Amino acid sequence: MPAAAKLMADHQLAAGSVAGTGKDGRVTKGDVLGVLVAPKSAPVVPPAAAAVVKPLPAVAAPVAINLGDRPEQRVPMSRLRARVAERLLQSQATNAILTTFNEVNMAPVMRCARSSRQV
């Protein structure tokens, strides 16, 4: 990676002296910084590929909730639905949204309506 290569050149580190933990074994800036901070006597061992990937959080099974007469069932969103929701929020955040409220005093209209009914 370019940032890692620059750091290695600045600190005169050989290209093979740093083990890469990035995609396809690439050396990242974090790898170089880890070597610079680590004690010189301890060899740097790259973590296993399985240790780098964080497991996804467990999703609970759908829960049925009773709201009076209407039962509700919660299920995880599909990837498509999640993407649509993400894009909707992005659109709301980037577009100007204007809401106006018009207040009208209806008292004169109501008085006129009452007086016309009394006739």
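What comes next is a walk through the structure. (Residues numbered from 1 in each chain as written. Predicted model: local features only at pLDDT ≥ 70, side-chain atom pairs only at ≥ 80, totals over all residues. Heavy atoms only, no water.)

1. A word on the nonpolar core
Generally speaking, soluble globular proteins have nonpolar side chains that are buried together. Worth spelling out the cut-off: The set of buried Ala, Val, Leu, Ile, Met, Phe, Trp, Tyr and Cys residues whose side-chain atoms join them within 4.5 Å is what this entry labels a nonpolar core. Remark: exposure states derive from per-residue accessible area (1.4 Å probe, protein chains only) relative to the maximum for the residue type, with buried under 20%, exposed over 50%, and partly exposed in between. Numbering of helices and strands runs from the N terminus, with a helix taken as a DSSP run of H or I at least four residues long and a strand as a DSSP run of E at least two residues long. Only heavy atoms enter the contact rule, under which two residues are in contact if any of them lie within 4.5 Å.
Counting residues in each nonpolar core, the largest one holds seven residues, listed as Ala 4, Leu 7, Met 8, Val 18, Val 27, Val 32 and Val 35. Contributions of two or more residues to this core are made by helix H1 (2-10) and helix H2 (29-37). Counting residues per element, this core draws most heavily on H1, which supplies three residues. Filtering out sequence-adjacent residues up to four positions away, Met 8 remains in contact with Leu 13, Ala 14, Ala 15, Val 18, Val 27 and Val 32.

2. Here's the deal with the pattern of salt bridges
Quick note on the threshold: Here a salt bridge means any side-chain nitrogen of Lys or Arg lying within 4 Å of a carboxyl oxygen belonging to Asp or Glu.
Across all of its chains, the model carries one salt bridge by this definition. Its salt-bridge partner being Asp 10, residue Lys 6 comes within 3.2 Å of it at the nearest N-O pair. Residue Lys 6 and its partner Asp 10 are both found in helix H1; the two are separated by four residues, about one turn of the helix. On the accessibility criterion, Asp 10 (44% relative accessible area) is partly exposed.

3. With respect to the environment of Val 27
Considering the arrangement of structural elements, one finds Val 27 in the loop between H1 and H2. When the C-alpha positions of Val 27 and Ala 3 are compared, they lie 9.5 Å apart, and in sequence the two are 24 residues distant.

Read these as geometric descriptors, not functional statements.
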